[in-house]
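Close look at the chain arrangement
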Amino acid sequence: MKSGYIGSVRFYKNMILLFFIIAILVPTGFAIGYRGTIREMKGEISGLQEQSALLQQLEAENAALELAIEEKEEERIRLEAEAPDYQKLYPDFYAPQPLAATERKENVVYLTFDDGPSYCTDEILDILEKKGAKATFFVVGQSREENLRRMRRIVEEGHAIGMHSFTHEYSMIYDSVESYLSDMYAVFCQIKEVTGVTPTLFRFPGGSINGYNSALYQEMIAEMVRRGFVPHDWNVSSEDASGSSVPTSHIIDCVVGGASGRSRSIVLMHDGAGKSSTANALSQIIDRLQAKGFQLEALTPQTKPILFGYRDDK
Ligand SMILES: [Zn+2]
């Protein structure tokens, strides 16, 4: 006879087994489910930790940057306090746009005429035009209308105009940095007013280092360069100012001979009273330089200058 399964010993054994199976499986199932969630949470936590570390790093960088700005500002204030007073003079006395004067062309001759405009200028300009040559004029202050017209003509015909001096009085302009600036500001204003061109180039009367400015030339150059202007000395002299009437042939020999051994020359000539030999020599000078393959060009703000203190005249 078959006894009932329910209530039998086997029944209770199975019940106990079932209970244990449930007691193990259910928590295990939950545990497995939670493990996924925990893993996700851990991922989120480590993401948050990374973000917080990044934030801390950014905050540190920001603080360092603020400190650097503060230090820069303090340095600016200190430099401003230490700067010579003449830096504050003539706040509109600046080159139009500071450009790097590093252009170094080959086979080029830059003819430059100091001290004009004068009664020689028109003849010089006529010759330059006829020969297809460009040049640079470092002009001085003018009061006569015909010379103001010549200043305009220089610019209109595509030549470069630069500042030389207003008064050309060595003892006055080289007395102090202030008096030099005052004189240069006057010629700067006149060029701007008469031609509409704001000049960038300039040449010291007597060259950047001369017998009158030896104590102050470095300060004068530094201040003009700080204002964006480009100084030009020369590496070839025409010697047209070496006497009252220099023979034309001597001027030609000096210029053509001087330029011949060089890849680039900046030639000192004069456009001034008593210098008609220069105009007479010019035609032949240009012919002979062009025959040697030289281009005759005007200086630009980018042209690498030749300065006595930094010789570079190969
Ligand atoms: Zn001069």
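Just so it is clear, the structure is predicted and the values come from calculations on it, not from any experiment.

A closer look at helix α8 (residues 276-291)
Residues three or four positions apart in an α-helix share a direction because the helix packs 3.6 residues into each turn. Between its terminal C-alpha atoms α8 stretches 24 Å, which fits the 22 Å expected from 16 residues at 1.5 Å a residue. What α8 keeps buried is the set Ser277, Thr278, Ala279, Ala281, Leu282, Ile285, Ile286 and Leu289. Of the surrounding elements, those touching the buried residues of α8 are β1 (108-114), α2 (121-131), α7 (248-260), β7 (264-270) and β8 (295-296). Where α8 terminates, the next one or two residues include Gly293, which has phi positive at roughly 90 degrees.

Quick notes on unusual backbone geometry
Glycine aside, residues mostly have negative phi angles, and peptide bonds mostly take the trans form. Of note, the bond from Gly116 into Pro117 is cis; its omega dihedral lies within 30 degrees of zero at -5 degrees. Within the secondary structure layout, Pro117 lies in the loop between β1 and α2. Positive phi is not limited to glycine here, since Tyr90 has a value of about 50 degrees. In this fold, Tyr90 is placed in the loop between α1 (9-82) and β1. The backbone of His168 shows a phi angle near 60 degrees, a positive value even though the residue is not glycine. Residue position: His168 is located in the loop between β3 (160-165) and α4 (170-173).

Side note on the nonpolar core
Val255 and Val267 are the most contacted members of the largest nonpolar core, which totals 61 residues. For this core, the element with the most residues is helix α5 (residues 177-195), which contributes 7 residues. For Val267, the contacting residues outside a window of four places in its chain are Val109, Tyr110, Leu111, Thr112, Trp234, Val236, Ser238, Val255 and Ala259.

Comments concerning the pairing of β1
When you tally the buried positions in β1, you get 6 out of 7 residues, the bulk of the element. Note that β1 and β7 share 7 bridges and pair parallel. What sits directly across from Val109, in β7, is Ser265. By the bridge criterion, 2 bridges tie β1 to β8 in an arrangement that is parallel. Its bridge partner being in β8, Val109 is matched across the sheet by Leu296.

Thoughts on the domain arrangement of the chain
Domain boundaries assigned for the chain yield domain 1 (1-82) and domain 2 (108-296). Its C-alpha centre places domain 1 at a distance of 80 Å from the equivalent point of domain 2.

Things to note about the packing of α5 against helix α6 (residues 217-226)
A pair of packed helices can be characterised by two numbers: the angle between their axes and the separation between those axes. It is the contact of α5 with α6, at a shortest axis distance of 10 Å, that shows an interaxial angle of 45 degrees. Considering their axes alone, α5 and α6 lie oblique with respect to each other. Of the two elements, α5 crosses α6, and the hand of that crossing is right-handed. From α5, Val177, Tyr180 and Leu181 reach across to α6, where they touch Glu219, Met220 and Glu223. Broken down by class, the residue content of the contact of α5 with α6 amounts to 4 nonpolar, no polar and 2 charged.

Quick look at the pairing of β3
In terms of residue burial, β3 counts as a mostly covered element, since 6 of its 6 residues are buried. For the handedness criterion, the β-α-β arrangement of strand β2 (residues 136-140), helix α3 (residues 145-156) and β3 is classed as right-handed.

Concerning the environment of Cys254
In this structure, Cys254 sits in helix α7. In this structure Cys254 comes out as buried when scored by C-beta crowding, with 22 C-beta atoms within 10 Å. The residues contacting Cys254, other than those within four sequence positions of it, are Ser237, Ser238 and Glu239.

Section: α2
Restricting attention to buried positions, one finds in α2 the residues Thr121, Ile124, Leu125 and Leu128. The buried residues of α2 occupy an angular sector of 95 degrees when the element is viewed end-on, so they sit on one face. For α2, the secondary structure elements touched by its buried residues are β1, α3 and α8. After α2 finishes, the residue Gly132 shows a positive phi value of roughly 65 degrees.

Some points on the packing of α7 against α8
In the contact formed by α7 and α8, the axes pass within 9 Å of each other and the chain directions differ by 35 degrees. When you trace α7 past α8, the crossing you get is right-handed. Contact residues: Thr248, Ile251, Ile252, Val255, Val256 and Ala259 in α7; Ser277, Thr278, Asn280, Ala281, Gln284, Ile285, Arg288 and Leu289 in α8. Taken together, the residues of the contact of α7 with α8 break down into 8 nonpolar, 5 polar and 1 charged.

Criteria and thresholds
- Residues numbered from 1 in each chain as written.
- Predicted model: local features only at pLDDT ≥ 70, side-chain atom pairs only at ≥ 80, totals over all residues.
- Helix = DSSP H or I, 4+ residues; strand = E, 2+ residues; numbered from the N terminus.
- Expected span 1.5 Å × (residues − 1).
- Buried ≥ 20, exposed ≤ 12 C-beta atoms within 10 Å, placed from the backbone.
- Contact = placed C-beta atoms within 7 Å.
- Core = buried A, V, L, I, M, F, W, Y, C linked by C-beta atoms within 7 Å.
- Pairing = 2+ DSSP bridges.
- Domains from an automatic or database assignment.
- Axes fitted to C-alpha atoms, helices over the stretch in contact; angles between N-to-C directions.
- Parallel < 35°, antiparallel > 145°, perpendicular 65-115°, else oblique.
- Left-handed = near helix turned anticlockwise from the far one by under 90°.
- Nonpolar A, V, L, I, M, F, W, Y, C, P; charged D, E, K, R; others polar.
- Right-handed = clockwise from strand over helix to strand, strands pointing away.
- Arc of directions from axis to C-beta.

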